[in-house]
Each structure stands twice: as C-alpha cells, then as structure tokens.
Amino acid sequence: MNAAAEVLELLVRRSATLAVAESLTGGLVAAELTSVPGASRAFRGSVTAYATELKRDVLDVDGALLAERGAVDAGVARGMAEGVRRVLRADWGVATTGVAGPDPQDGQPVGTVYVAVAGPGGTISEKLQLNGDRTAIRISTVDAVLTLLHQSLVTIGRTPDESAAAKGREESGGKGCLQP
C-alpha cells in the first residue's frame, strides 16, 4: 500500500477529514491523495496558494510573518496547514512550501522545503533540504508531507485506547501499525 492509501485508511478509520494547502507542489499532494479509490471518504479538498498574497488572503497566514521571512519558512508552513484546516473545515490540514528551483527564493537555496501538519493535537513542521532537479524536489516533498502526516496520525492522532495498544506493540518489538 502506498503512503497516500495508508494515510487515507487511517483517516477513514477515525472518521476524520483532511485538507491540503500547497505551494511548491502545485497540487501534487492532492493528486496523489485523489488517485486512491475512495479518497472522497476523507479528503475534503485543497488550496494551491502559489502566490504569497494567497497564503495571506485565503489561508490567513500572518502577513507580518510573510513580509519578514518570506514564504519559505516553518511558521508559514504551519500557518498554511492551520489555515486550510480551518477554511475547508477538516480535522487535519497539511501544507507544503519551499523552493523547487531553478533559482533561490526569499534568500533560501533551491531544495529548502517546509512541510507541516495541523491536527487535533496541535501543529508540527519539518524543514527539509532536498537535492535534485525541480521535479525530484517536488516529488520528494509529496512523500515527506505524507510521511509526516502518517507519523502524526499514528502518534498525535491516537485515541487513548490506540495509544495503549500501540505502546504494547512497540514494547513487544512490533512495528506499531494500527490494526482494524
């Protein structure tokens, strides 16, 4: 099973929904999710906020933060994830922002990427320094944000019963996978 299918399965098990905010990936995360049959049971939609003012005006990312740090920033990624979660009324929101190239942006080198996940337990972000051409950076970003979401669903998103069961599996040397 691929990462998108695994994430959607976990969301469906929880009767939870997901929304996506994308910048450098330009809709690739949403495309990967919607390639999974039955994605509509959990996926609400996406916002491709490529332009900085859309991050501010549509996703409500702090304008002062954008002016001070530019669009390639951990706080911006967190704001995008929280904003899309709120705007599309989803339980979980994810976001991608960064520099796919070919030129640096906002003083950041090509390959600097931030991904974020906002959910019931809070918001986390991760900085990536990716190598490759524009296509490789964008594809690696999709993989990274889906991996971060999966990790969040397995940890932050656990109910108390799921946490106890997973802890038991982890202590017994299991992989910590959720069971139906």
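Because the structure is a prediction, the values reported are computed rather than measured.

Participant: Looking at this structure, I do not really get helix 1 (residues 3–13). What am I missing?
Facilitator: An α-helical segment advances 3.6 residues per turn. Residues three or four places apart therefore align on the same side. Looking at helix 1, one finds that the buried residues are Ala4, Ala5, Val7, Leu8, Leu10 and Leu11. The inward-facing, buried residues of helix 1 abut strand 1 (18–22), helix 2 (28–34), strand 3 (92–98) and helix 6 (134–154). Two or three places before Ala4, at the opening of helix 1, Asn2 has a side-chain oxygen 3.1 Å from that residue's backbone nitrogen. Taken from the residues just after helix 1, Ser15 is the one with a positive phi, measuring 55°.

Participant: What should I look at first to understand the nonpolar core in this one?
Facilitator: The nonpolar side chains of a soluble globular protein tend to be buried, and buried together. Formed by 34 residues in total, the largest nonpolar core has its most connected members in Leu11, Leu18, Leu33, Trp92 and Leu149. The set of elements that each furnish at least two residues to this core consists of helix 1, strand 1, helix 2, strand 3, strand 4 (112–119) and helix 6. Ignoring any residue separated from it by four or fewer positions in sequence, one finds Leu18 in contact with Leu11, Leu33, Ala42, Phe43, Arg44, Gly45, Ala90, Trp92, Gly93, Val94 and Leu149. Grouped together as the second largest cluster of nonpolar side chains are 22 residues, Ala71, Val72, Ala81 and Ala95 included.

Participant: Would you take a moment to explain the packing of helix 1 against helix 6 for this structure?
Facilitator: Two quantities define a packed helix pair, namely the angle between the helix axes and the distance between the axes. Interaxial distance between helix 1 and helix 6 falls to 10 Å at its minimum, and their mutual angle equals 30°. One element, helix 1, and the other, helix 6, form an angle in the roughly parallel class. Judged by the sense of rotation from one axis to the other, the crossing of helix 1 with helix 6 is left-handed. Contacts from Ala3, Ala4, Glu6, Val7, Leu10 and Leu11 in helix 1 reach Leu146, Leu149, His150, Leu153 and Val154 in helix 6. A class-by-class count of the residues in the contact of helix 1 with helix 6 yields nine nonpolar, one polar and one charged.

Participant: Just checking my understanding: could you explain the environment of Leu54 for this structure?
Facilitator: Residue placement: Leu54 occurs in helix 3 (residues 52–57). Not counting chain neighbours up to four residues away, the residues in contact with Leu54 comprise Thr48, Ala49 and Leu59.

Participant: What is the right way to look at the pattern of salt bridges in this model?
Facilitator: It is possible for side chains bearing opposite charge to pair when their charged atoms get close. One pass over the full model with this rule turns up five salt bridges. Linked through salt bridges whose partners overlap, the residues forming this network are Glu68, Arg69 and Asp73.

Thresholds, definitions, all that
All residue numbers refer to positions counted from 1 along the written sequence of the respective chain. Note on the predicted model: pLDDT of at least 70 is required for a residue's local features to be given, and 80 or more for side-chain atom pairs to be given and counted; whole-chain, interface and lining totals, by contrast, use all residues. Processing note: side-chain calculations cover all non-hydrogen atoms of the structure and skip hydrogens and water entirely. Throughout this description, buried means an accessible area under 20% of the type-specific maximum (1.4 Å probe, protein chains only), exposed means over 50%, and partly exposed covers the range between. Secondary structure elements are taken from DSSP: a helix is a run of H or I of four residues or more, a strand is a run of E of two residues or more, and numbering for both begins at the N terminus. Note on contacts: a residue pair qualifies if any of its non-hydrogen atoms lie within 4.5 Å across the two residues. Throughout this description, a polar contact denotes any pair of N or O atoms lying within 3.5 Å of each other; where both atoms belong to protein, one of them has to be capable of donating a hydrogen while the other can accept it, and for residues adjacent in sequence the pair is counted only when both atoms sit in side chains. As used here, the term nonpolar core means buried Ala, Val, Leu, Ile, Met, Phe, Trp, Tyr and Cys residues forming a set that is joined through side-chain atoms within 4.5 Å. Where helices are involved, their axes are fitted lines through C-alpha atoms of the stretch in contact, as for all axes, and angles between N-to-C directions lie from 0 to 180°. Put simply, angles under 35 degrees are roughly parallel, angles over 145 are roughly antiparallel, angles from 65 to 115 are roughly perpendicular, and the rest are oblique. Helix crossings are classified by the rotation of the near helix relative to the far one: an anticlockwise turn of less than a right angle makes the crossing left-handed, while a clockwise turn makes it right-handed. All amino acids are sorted into three groups, where Ala, Val, Leu, Ile, Met, Phe, Trp, Tyr, Cys and Pro are nonpolar, Asp, Glu, Lys and Arg are charged, and the leftover types, Gly among them, are polar. Each reported salt bridge corresponds to a side-chain nitrogen of Lys or Arg within 4 Å of a carboxyl oxygen of Asp or Glu.

Function cannot be read off these values alone, since they describe shape.
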